[in-house]
Amino acid sequence: MTSTFTATPFVGKTFGVTVANLTKKYGHTTVLHDINFEVKPGEIFVIMGPSGSGKSVLLKQIAGLETPTSGEVRIGEYDAADPATRDKVRLALVFQAGALFNSLSVYDNLALYPREHRQCNEAGIRDRVMHALQILSLEKSAYDFPSELSGGMKKRVAIARALVMEPQLLLYDEPTSELDPVMSATLIEIIATLREQTAVTSLVVTHDRDLALNIADRIAIIMDGRIRATGKPADFKQPSDPVIANFFNPVIDLKNPRFKQLENSHE
Ligand SMILES: Nc1ncnc2c1ncn2[C@@H]1O[C@H](COP(=O)(O)OP(=O)(O)OP(=O)(O)O)[C@@H](O)[C@H]1O
Ligand SMILES: [Mg+2]
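Throughout what follows, the structure given in this document is the object of discussion. (Residues numbered from 1 in each chain as written. Chains lettered and ligands numbered in written order. Predicted model: local features only at pLDDT ≥ 70, side-chain atom pairs only at ≥ 80, totals over all residues.)

Some points on the site of ligand 1
What surrounds ligand 1 is a group of twelve residues, the closest being Tyr26, Ser51, Lys55, Ser56 and Val57. Broken down by element, the residue count for the shell around ligand 1 peaks at three residues, all from helix 1 (residues 55-62). Partitioned by chemical class, the residues of the shell around ligand 1 number three nonpolar, eight polar and one charged. (Near = placed C-beta within 6 Å. Helix = DSSP H or I, 4+ residues; strand = E, 2+ residues; numbered from the N terminus. Nonpolar A, V, L, I, M, F, W, Y, C, P; charged D, E, K, R; others polar.)

The structure is reproduced here in structure tokens:
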């Protein structure tokens, strides 16, 4: 990470998150089954799980973008599903695909939130935007449009935009996917440094083992829409549960590949 990185100090408090008996169905399909966990204020909590296990859906319920079928999510004392909660908690969600406004330049994407919320004058906004772009090595792309950027660059812009919001709760969906190894390492350092300097609660959804083991205070493993285990990173260095062990350290067996096993099981 660059030595110039300092997180913008934010005013106010951070929030813990409580997920209680949360079930989410789409039609007749249940995607999340009775999920329970608690994220303490200031914690870095990582939710890990295979593709399709329900991580993004879970994050959408926490961010209040969707409403659980039953159960609830509380952000501090507020109900995440209540639209009024958005006025009380500065929540930043870094979407898996970036979710940038294609008609706005990188600069204007970042400036949107402080402008709309009249957080400071244009000069102040400029300082904050350029600082965030510098942290993510994006200064040269300030006036590019999202369509001109690579996938990894879009991801970095989305993270820079979250930093500019000075969030009180940070939610990341796959922050390191599409990034090269050096940028992934930088990202891991940024998430950790942000939490260190601002004590902001950070909830990270990922299948990146390095990310989880390096910065999590606690990890929850989600599989098929159910929490399979929760613990500290050390608990997952040599997991006794063979399913979790295989998820963390999948064996690559070229003589007996998985897709052949699948073919055989259908015969
Ligand atoms: N709006 C929706 N309607 C119906 N099914 C959905 C909807 N959104 C997600 N799903 C289903 O829910 C399941 C979990 O999806 P989700 O996007 O949460 O997976 P994920 O763990 O984030 O996977 P990945 O690691 O690939 O991002 C999938 O089977 C998906 O098809
Ligand atoms: Mg996802």
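Let's talk about the packing of helix 3 (residues 106-116) against helix 4 (residues 122-135)
Contact pair helix 3 / helix 4: the axes reach a minimum separation of 10 Å and the direction vectors enclose 135 degrees. The angle between helix 3 and helix 4 places the two elements in the oblique class. Crossing hand, helix 3 versus helix 4: right-handed. Between helix 3, through Tyr107, Leu110, Ala111, Pro114 and Arg115, and helix 4, the contact on the second element is made entirely by Ile125, Arg128, Val129 and Ala132. Residue composition of the contact of helix 3 with helix 4, grouped by class: seven nonpolar, no polar and two charged. (Axes fitted to C-alpha atoms, helices over the stretch in contact; angles between N-to-C directions. Parallel < 35°, antiparallel > 145°, perpendicular 65-115°, else oblique. Left-handed = near helix turned anticlockwise from the far one by under 90°. Contact = placed C-beta atoms within 7 Å.)

Some details on the pairing of strand 1 (residues 17-26)
Where a strand is regular, its side chains alternate between the two sheet faces. Across seven bridges, the pairing between strand 1 and strand 2 (residues 29-39) is antiparallel. If you follow Val19 over to strand 2, its bridge partner there is Phe37. In textbook terms, the turn of a hairpin is the stretch between consecutive antiparallel strands, and for strand 1 and strand 2 this stretch comprises two residues, one of which, Gly27, has a positive phi near 60 degrees. (Pairing = 2+ DSSP bridges.)

As for the sheet that holds strand 1
Across the sheet, four strands lie side by side as 2-1-4-5; this open sheet has antiparallel pairing. Unpaired on one side and paired on the other, strand 2 and strand 5 (78-79) mark the two borders of the sheet. In this structure, strand 4 (residues 70-75) lies alongside strand 5, joined through two bridges in antiparallel fashion. When the sheet's bridge partners are listed, Arg74 is paired in strand 5 with Asp79.

Things to note about the sheet that holds strand 9 (residues 218-223)
One open sheet holds the six strands; their spatial order is 6-7-8-3-9-10, and the pairing between them is mixed. Looking at which strands have only one partner, the edges of the open sheet turn out to be strand 6 (91-94) and strand 10 (226-231). Neighbour-to-neighbour, the strand axes of this sheet turn through a mean angle of 15 degrees, independent of strand direction.

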